[in-house]
Amino acid sequence: MVATFKIAVLGAQGVGKSAIVRQFLYNEFSEVCVPTTTRRVYLPAVVMNGHVHDLQIMDFPPISAFPVNTLQVREWADVCCRGLRSVHAYILVYDICCFDSFEYIKTIRQQILETRVIGTSETPIIIVGNKRDLQRGRVIPRWNVSNLVKKTWKCGYIECSAKYNWHIVLLFSELLKSVGCARCKHVHTTIRFQGALRRNRCTIM
């Protein structure tokens, strides 16, 4: 049986969230920053432990606030937030060299917890610190962020580099485990893709 996991990727402008998604899907990176202005939906499939899992990855543009209810989403003139409340997991990306981007995901995370539908409070949230390759410009010590996220927020935390494809596969591997993919629980975190993962194409993980 194929299970479809819906994933929302959120973050402030310029943090590299779209770069993370494209690196994961197409194994490519562009130095040119193109702002995300509309919701982009990707439909890849992965094979883990011999089982197929469909993913619906939604890359959202920066939002001013997490929608309070489904009705509000429908009423928004900008339909880019459609489906934001019904996903199985959230990836909140910040730039380790930009304090404001961390404050942004801090606010969005709190709003997610306060407004999600009753019974879905345990929807996994993974905090991602991107641009690890620019570590010398880090504005918040890694230990401080990791301690806050894991112990206080009770969320997963991963640092990565979209530019150098570092920890990108690990991010999505951990994400599948967190959404309750029973068959993914024992997948070793060092497992890599065999070939690029592309839309509507199955790839071994």
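Cut-off values and rules
- Residues numbered from 1 in each chain as written.
- Predicted model: local features only at pLDDT ≥ 70, side-chain atom pairs only at ≥ 80, totals over all residues.
- Heavy atoms only, no water.
- UniProt positions renumbered as here; feature names shortened; annotations may be inferred.
- Helix = DSSP H or I, 4+ residues; strand = E, 2+ residues; numbered from the N terminus.
- Buried < 20%, exposed > 50% of the residue type's maximum accessible area, 1.4 Å probe, protein only.
- Contact = heavy atoms within 4.5 Å.
- Areas by Shrake-Rupley, 256 points an atom, 1.4 Å probe, with all protein chains shown as cover.
- 1 Å grid on protein atoms, 1.4 Å probe; cavity = no way out; pocket = protein on both sides within 12 Å on 5 of 7 lines; lining within 4 Å.
- Points joined across faces, edges and corners; volume = space filled by probe spheres on them.
- Nonpolar A, V, L, I, M, F, W, Y, C, P; charged D, E, K, R; others polar.
- Pairing = 2+ DSSP bridges.
- Core = buried A, V, L, I, M, F, W, Y, C linked by side-chain atoms within 4.5 Å.
- Axes fitted to C-alpha atoms, helices over the stretch in contact; angles between N-to-C directions.
- Parallel < 35°, antiparallel > 145°, perpendicular 65-115°, else oblique.
- pLDDT = per-residue confidence, 0-100.
- Phe/Tyr/Trp six-rings, centres within 6.5 Å; stacked < 30°, edge-to-face > 60°.

- Naming follows an unreviewed UniProt entry, where the protein chain appears as small monomeric GTPase of Piaya cayana.
- In its Catalytic activity (unreviewed entry) section, UniProt records this for the protein chain: "GTP + H2O = GDP + phosphate + H(+)".

### Some thoughts on the overall build of the protein chain
Argument step 1. Along its length, the protein chain carries 5 helices and 8 strands.
Argument step 2. Along the protein chain, helices and strands appear, N-terminal first, in the series β-α-β-β-β-α-β-α-β-α-β-α-β.
Argument step 3. Put simply, the protein chain has 205 residues, and 47% of those count as buried.
Argument step 4. Of the contacts made within the protein chain by residues no fewer than 6 positions apart, 68% connect residues no fewer than 24 positions apart.
Argument step 5. In the structure as shown, the protein chain presents an accessible area of about 10500 Å², 53% of it carried by carbon and sulfur atoms.

### With respect to the layout of surface pockets
Argument step 1. Of the voids in this model, the largest pocket is the one considered here, and its volume is about 560 Å³.
Argument step 2. In terms of lining, the largest pocket is formed by 25 residues, of which the most central are G16, A19, F29, S30 and C33.
Argument step 3. Class assignment of the residues belonging to the lining of the largest pocket gives a composition of 10 nonpolar, 7 polar and 8 charged.

### Observations regarding the pairing of strand β3 (residues 45–48)
Argument step 1. The alternating pattern of β3 places A45 and V47 on one face and V46 and M48 on the opposite face, and all of these are buried.
Argument step 2. Examined bridge by bridge, β3 and strand β4 (residues 51–59) share 4 bridges and lie antiparallel to one another. Directly across from A45, in β4, lies its bridge partner D54.

### Overview of the nonpolar core
Argument step 1. One finds I57, Y90 and I127 to be the most contacted residues of the largest nonpolar core, which totals 57 residues.
Argument step 2. Sequence-distant contacts of I127, defined by excluding residues within four places in its chain, comprise L92, Y94, I105, V149, W153, C155, G156, Y157 and I158.

### Concerning the environment of I168
Argument step 1. Mapped onto the fold, I168 is located in helix α5 (residues 168–178).
Argument step 2. Through-space distance from the C-alpha of I168 to that of F24 is 6.2 Å; in sequence the pair is 144 residues apart.
Argument step 3. Residue contacts for I168: discarding those within four places in its chain leaves I20, Q23, F24, C160, S161 and A162.

### Describing helix α1 (residues 17–26)
Argument step 1. Of all 10 residues making up α1, 8 are buried, and the element is well covered by its neighbours.
Argument step 2. Among the residues of α1, those classed as buried are K17, S18, I20, V21, Q23, F24, L25 and Y26.

### Observations regarding unusual backbone geometry
Argument step 1. One non-glycine residue, N27, lies in positive phi territory at about 55°.
Argument step 2. Examined against the element boundaries, N27 turns out to sit in the loop between α1 and β2 (40–42).
Argument step 3. Backbone geometry places H167, a non-glycine residue, at a positive phi of 70°.
Argument step 4. Structurally, H167 can be placed in the loop between β7 (156–159) and α5.
Argument step 5. By relative accessible area, H167 is classed as partly exposed at 31%.

### Concerning the packing of α1 against α5
Argument step 1. Remark: α1 packs on α5, axes separated minimally by 9 Å, with the N-to-C direction vectors making an angle of 90°. As the angle between them shows, α1 and α5 are arranged roughly perpendicular. Counted together, I20, Q23 and F24 of α1 and I168, L171 and F172 of α5 form the full contact between these two elements.
Argument step 2. Looking at the contact of α1 with α5, its residues break down into 5 nonpolar, 1 polar and no charged.

### A short note on the confidence of the model for the protein chain
Argument step 1. Mean pLDDT over the protein chain stands at 82; residues scoring 70 or higher make up 77%.
Argument step 2. Within the model, the stretch residues 186–205 combines pLDDT values under 50 with 59 contacts to residues more than four positions away or in other chains.

### Points about the packing of aromatic side chains
Argument step 1. For the coordinates displayed, the defined rule picks out 5 aromatic pairs.
Argument step 2. Members of the aromatic cluster, connected to one another through ring pairs, are Y94, F102 and W153.

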